[in-house]
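# Tertiary structure, described
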Amino acid sequence: MGFKMQNKIVLYYFAIIFQFFLLVSGSRVHHHDNRNTSTKENPKLQQVSPPVTLTVTSQYVVIDNGIVQLSLTNPTGSMFGVKYNGIDNLLEPLQETQRGYWDTMWNGKFDTLLASKFSVIAQDDNKVEVSFQKIYDPLNGNNPPLNVDKRYVMLRGSSGFYSYGIFQHLKGWPAVNLDEARIAIKLSKSLFHFMAISDDRQRIMPTEEDRASGQTLDYREAVKITNPSNPRLKNEVDDKYQYTDEIKNIKVHGWISDTLHMGFWVISPSYEYCNGGPMKQDLTSHVGPTSMAIFFSGHYAGPQLGVSLTNGEAWTKVFGPVFFYVNSDSSNDHTILWEDAKRQMNEETNKWPYDFPASIDYLHANQRGSVSGQLMVHDWYINVDALPALNAFIGLAEPGLVGSWQSETKGYQFWTQTDDSGNFKINNVRPGIYGVYSWVPGIMGDYKFSSYITVTQGKDTQLGQIIFDAPRNGPTLWEIGFPDRTANEFFIPDPLPGLQNYLYTNTTIHKFRQYGLWDRYTDLYPNGDLVYKVGVSDFRKDWFFAHVNRRNKDRSFSATTWQIVFDVKNVDSSGTYHLHVALASASYAHLLVWINTPSKPRPWFDSSPIGMSNAIARHGIHGLYMIFDIEFPGTQLYIGENIIYLKQASVYGPFTGLMYDYIRLEGPSAR
């Protein structure tokens, strides 16, 4: 081969490599080293990133690190503007205090927690932390009896900013009920139209104007889009509760703008400051475009998930920090920005607890302890010996009864999952006295360690091997469902035509998020209520996901009675039988149970009114878990066919009802 030909070949391949390099570099996400390290630990940061600056005027506080500029109202402490990538403001130009703000509901009143005192907490080239304090004035009855310190932090080289808050109710102050607390961000309507909250939940969203011109359905949050600006969205249903998730999954969510192709993300690296445990469901992002960081609320559980402070009770709690991250790239691929946001979320999670917050109420890693051990589960009917509890959720919460962590609201909670051998280690725990709680997928019931434990600074509290003795009174005669604290394994119908959210039309995982599924019961059982035959029926097809009321032609509602039909070959008349009914949710419900005697006016079991969850209406698949052990003598059963009648007796409306998690009939113990 000649020399000229070799040169041509070399140049040809060099050109290909060079074009590939341009392609890759052209679509690279623009983000910056976002580690919360000082320049002593990372001297390169000082060389490549400009210092953080702070400008204070009588109206605004502006923090700028050369990547992001955050403007805050002075002294009220609301987010006035976020400047990034040549865009002067990523927020919607509403009133100054309505663009990005902290808020709470207290005693039924909405309060955006406008502060009255501004101060600089820390300022150097690498970090600025500022404080906006709302101080309780006992002479002003329109303010909650709380001190609230809203903090904002910006770090050098960081493509975003942090916010956290310290809520304080001092000894001697009046009682107050806090229904919720959160940070809300109202992004620019002209910029942001694409929302992403998980790998499989991303879409172009309707606008507020689309909702305003649409048809309001059974409640104001649910709207059928009838005249959208984007024709592809015509006749879809939009409801912010269709985009909720469990707290353990709400790690990153936000919006993408096709203008300069950039993203705005809410990243929550921890949920230690949230209540209700890892399965508590809450809001993420929704039409606005709005993104929120929820700290506590009654969503999917009821008002008992608020913070109720008694007269004179002292209470302090830190919420956050939450990271607000912005990124951009030069492609048109939304996946690139989403994957980068997940990468950033992982970085933030690995850095928790942060080392930069200056509040003495926020404890750093060296001020915390840990708890470790091995969780075993023992169910003698399944296995004689205890077995490792695989993938069990185990956590620490305020001392209380079995399962009390679900409704505990004032303290911190720390959760993890066991490995295949049941081993666990709960890291970064604030010192204090805790109860140890757990539940195991596939095992009915709740676990609580026999004694409270004390976590101390810098120490690993080793529990050794602990055993969950699962609820068990006798051998299983039959069971319905799978004990996982949700109703997701039962039959979930298709929505009515014209009431669909297209994001969920080709998925089984999220099918329960469709609108109006509660109303399909009457359509599917027009002439009588559900009858389930043990050994014949399949709960995945024949057990409706929610025990709801029947809709009558005059739009009134009637109670419904479901039947479980089963055969018994041998009856132990002198023995005791147990019917375990585990509920995934109860919404102003009333469960009555008869065993073979439906004509008797007095049922064998009466739950009384239970639950204030709104999971049925708000497209949830569970609320607060509860379990009933219904004991009855063998004289109630017949040899041959038997029927258990389950009546949901409350008829307040379409959203009243139950969600079953798992039902099991046990015979007399042979042990």
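Along every chain, residues carry numbers that run from 1 in the direction the sequence is written. Selection of residues for local features in this predicted model requires a pLDDT of at least 70, selection of side-chain atom pairs for listing and counting requires 80 or more, and totals for whole chains, interfaces and linings are taken over all residues. Side-chain measures here rest on the full set of heavy atoms in the structure, leaving out hydrogens and waters.

## Quick notes on the overall build of the chain
Definition in use: The way it works is that DSSP assigns letters per residue, a run of H or I at least four long becomes a helix, a run of E at least two long becomes a strand, and they are numbered from the N terminus. For a compact globule the rule gives 2.2 Å times the number of residues to the power 0.38, and the radius of gyration it is set against comes from C-alpha atoms. Only protein chains enter the area calculation, which uses a 1.4 Å probe; residues under 20% of their type maximum are buried, those over 50% are exposed, and those in between are partly exposed. We call two residues in contact whenever any of their non-hydrogen atoms come within 4.5 Å of each other. What sets the accessible areas is the Shrake-Rupley method with a 1.4 Å probe; for residues, cover comes only from the shown protein chains. For the purpose of counting charges, residues Lys and Arg are taken to be positive, whereas Asp and Glu are taken to be negative. His and the chain ends are not included. Lys charges are placed at NZ, Arg charges at CZ, Asp charges at CG and Glu charges at CD.
Within the chain, the regular secondary structure consists of six helices and 44 strands. Relative to the globule expectation of 26 Å for 671 residues, the C-alpha radius of gyration of the chain, 28 Å, shows essentially globular dimensions. Residues counted as buried form 57% of the 671 residues belonging to the chain. Considering only residue pairs separated by 6 or more positions, the chain has 71% of its internal contacts joining residues 24 or more positions apart. Of the roughly 28,100 Å² that the chain leaves accessible, carbon and sulfur atoms contribute 51%. Between the mean site of the 59 positive side-chain charges and the mean site of the 66 negative ones, the chain shows a separation of 2 Å.

## Details of the sheet that holds strand β13 (residues 201–204)
Two orientations exist for strands paired in a sheet by backbone hydrogen bonds: parallel and antiparallel. What counts here: Here, a strand pair is defined by DSSP locating no fewer than two bridges between the strands. Angles run from 0 to 180 degrees between N-to-C directions of axes, and those axes are lines fitted to C-alpha atoms, restricted for helices to the stretch in contact.
Across the sheet, nine strands lie side by side as β7-β8-β9-β10-β24-β19-β18-β12-β13; this open sheet has antiparallel pairing. Single-partner strands in this sheet number two, and they are β7 (117–123) and β13. The mean inter-strand angle of the sheet, taken between neighbouring strand axes irrespective of direction, is 15°. One ladder, built from four bridges, connects strand β12 (residues 192–198) with β13; its direction is antiparallel. Opposite F194, over in β13, you have I204 as the bridge partner.

## Concerning the side chain of K511
To be explicit about the condition: A 3.5 Å cut-off defines polar contacts: any pair of N or O atoms within that distance qualifies, except that in protein one atom must be a possible hydrogen donor and the other a possible acceptor, and neighbouring residues in sequence count only when both atoms are side-chain atoms.
Assignment of secondary structure puts K511 in the loop between β34 (476–481) and α5 (520–524). Polar side-chain contacts of K511 include one of 3.1 Å to the backbone oxygen of I492. In this view, K511 contacts I492, P493, D494 and L517; residues no more than four positions away in its chain are not counted.

## Section: the pattern of salt bridges
Counted only if it meets this: By convention in these notes, a salt bridge is any Lys or Arg side-chain nitrogen within 4 Å of a carboxyl oxygen on Asp or Glu.
According to the stated counting rule, one finds 32 salt bridges in the structure shown. Of the charged contacts, one joins K280 and D282 as a salt bridge, the two residues approaching to 3.0 Å between their closest N and O atoms. On the accessibility criterion, K280 (7% relative accessible area) is buried. Residue D282 is classed as buried on the basis of its relative accessible area of 2%. For R551, the salt bridge goes to D523, with nearest N and O atoms at 3.1 Å. With R551 in strand β37 (residues 550–551) and D523 in helix α5, the pair connects residues that are 28 residues apart, well separated along the chain. Accessibility expressed as a relative area gives 21% for R551, which makes it partly exposed. A residue is classified by how much of its surface remains accessible, and D523, at 34% relative accessible area, is partly exposed.

## Structural notes on the nonpolar core
How we decide: By nonpolar core is meant a set of buried Ala, Val, Leu, Ile, Met, Phe, Trp, Tyr and Cys residues that side-chain atoms within 4.5 Å join together.
Ranked by internal contacts, the top residues of the largest apolar core, which has 116 residues, are L90, V130 and L375. The contacts of V130, once residues within four sequence positions are left out, are L54, V61, I63, L72, F118, S119, I121, K150, R151 and Y152. In terms of nonpolar packing, the next biggest core, distinct from the first, is built from 62 residues, L283, F490, Y515 and I621 among them.

## Some thoughts on unusual backbone geometry
Here the bond from G320 into P321 is cis, since omega is 5°, no more than 30 degrees from zero. With respect to the element layout, P321 can be found in strand β24 (residues 315–328). Of note in the backbone geometry, H261 takes a positive phi value of approximately 45° without being a glycine. With respect to the helices and strands, H261 occurs in the loop between β18 (252–257) and β19 (262–267). Looking at H261, the relative accessible area reads 2%, which means it is buried. Phi at N428 is positive, roughly 55°, even though this residue is not glycine. Within the fold, N428 resides in strand β29 (residues 423–429).

## Re the environment of V252
By secondary structure assignment, the location of V252 is in strand β18. Exposure remark for V252: the relative accessible area of 5% places this residue in the buried category. Sequence separation between V252 and P269 is 17 residues; the distance between their C-alpha atoms is 8.5 Å. Other than its neighbours up to four places away in sequence, V252 contacts I197, W265, V266, I267, W338, A341, K342 and M345.

## Here's the deal with the UniProt feature "domain: Rhamnogalacturonan lyase" (unreviewed entry) in the chain
The condition that has to hold: UniProt positions are given in the numbering used here, feature names are shortened, and annotations may be inferred rather than shown by experiment.
When the UniProt feature table is mapped to this numbering, "domain: Rhamnogalacturonan lyase" (unreviewed entry) covers residues 392–463 and 476–665. For the annotated span residues 392–463, helix accounts for 0% and strand for 46% of the residues, and the straight-line distance between the end C-alpha atoms is 16 Å. Between the first and last C-alpha atoms of residues 476–665 the distance is 6 Å; the span itself is 5% helix and 41% strand.

## Re the packing of aromatic side chains
Any pair of aromatic rings gets described here by the distance separating the centres and the angle formed by the planes. How we decide: Pairs were defined over the aromatic rings of Phe, Tyr and Trp, the Trp ring being its six-membered one, requiring ring centres within 6.5 Å. Orientation was assigned from the angle between planes: stacked under 30 degrees, edge-to-face over 60, tilted for the rest.
By the definition in use, this model includes 50 aromatic pairs. Ring geometry for Y273 and F295: centres 5.7 Å apart, planes at 70°, overall edge-to-face. Here Y273, found in the loop between β19 and β20 (281–282), pairs with F295, found in strand β22 (residues 290–296); they are 22 residues apart in sequence, far enough to count as distant. A relative accessible area of 1% means that F295 is categorised as buried. A ring pair is formed by Y515 and W518, whose centres lie 5.1 Å apart and whose planes are at 80°; its orientation type is edge-to-face. Overall, the relative accessible area of 4% leaves Y515 in the buried class. For W518, a relative accessible area of 4% puts it in the buried group.

## Looking at the confidence of the model for the chain
Convention followed: What pLDDT expresses is the predictor's confidence in each residue, scored from 0 to 100.
In this model, the chain carries a mean pLDDT of 93, and residues with pLDDT of at least 70 account for 93%. Residue range residues 33–41 is modelled with pLDDT below 50. Its contacts to residues more than four positions away, or to other chains, number 25 contacts.

## Side note on the sheet that holds strand β15 (residues 223–224)
Pairing is antiparallel across the open sheet formed by three strands, whose spatial order is β14-β15-β16. Edge positions in the open sheet fall to β14 (215–216) and β16 (237–238), since each of these has one partner strand only. Bridge analysis of β15 against β16 gives two bridges, and the strand direction is antiparallel. Looking at β16, one finds that K224 is bridged to V237.

## Some words on a nonpolar patch on the surface
How we decide: Patch construction takes residues with relative accessible area above 30% that form no salt bridge. Like charges are linked within 9 Å, and nonpolar side chains (Val, Leu, Ile, Met, Phe, Trp, Tyr) are linked within 5 Å.
Together, Y381, I382 and L387 line one region of the surface with nonpolar side chains, adding up to about 280 Å² of accessible area. In this structure I382 comes out as exposed when scored by relative accessible area, which is 52%.

## Regarding the pairing of β24
With 13 of 14 residues buried, β24 is to be regarded as a mostly interior element. In the sheet, strand β10 (residues 160–169) pairs with β24 via nine bridges, with the strands oriented antiparallel. The partner of G165 across the bridge, within β24, is F319. With six bridges joining them, β19 and β24 adopt antiparallel strand pairing.

## A closer look at helix α4 (residues 334–351)
Under the convention used in this document: Here the expected length of a helix is defined as 1.5 Å per residue gap, with one fewer gap than residues.
The end-to-end C-alpha distance of α4, which contains 18 residues, comes to 26 Å, matching closely the 26 Å that a straight helix rising 1.5 Å per residue would cover. Along α4, the residues classified as buried are H334, L337, W338, D340, A341, K342, Q344, M345, E348 and K351. Elements in contact with the buried residues of α4: β10, β12, β13, β18, β19 and β24. Of the residues that open α4, the one with a side-chain oxygen 2.9 Å from the backbone nitrogen of T335 is D333.

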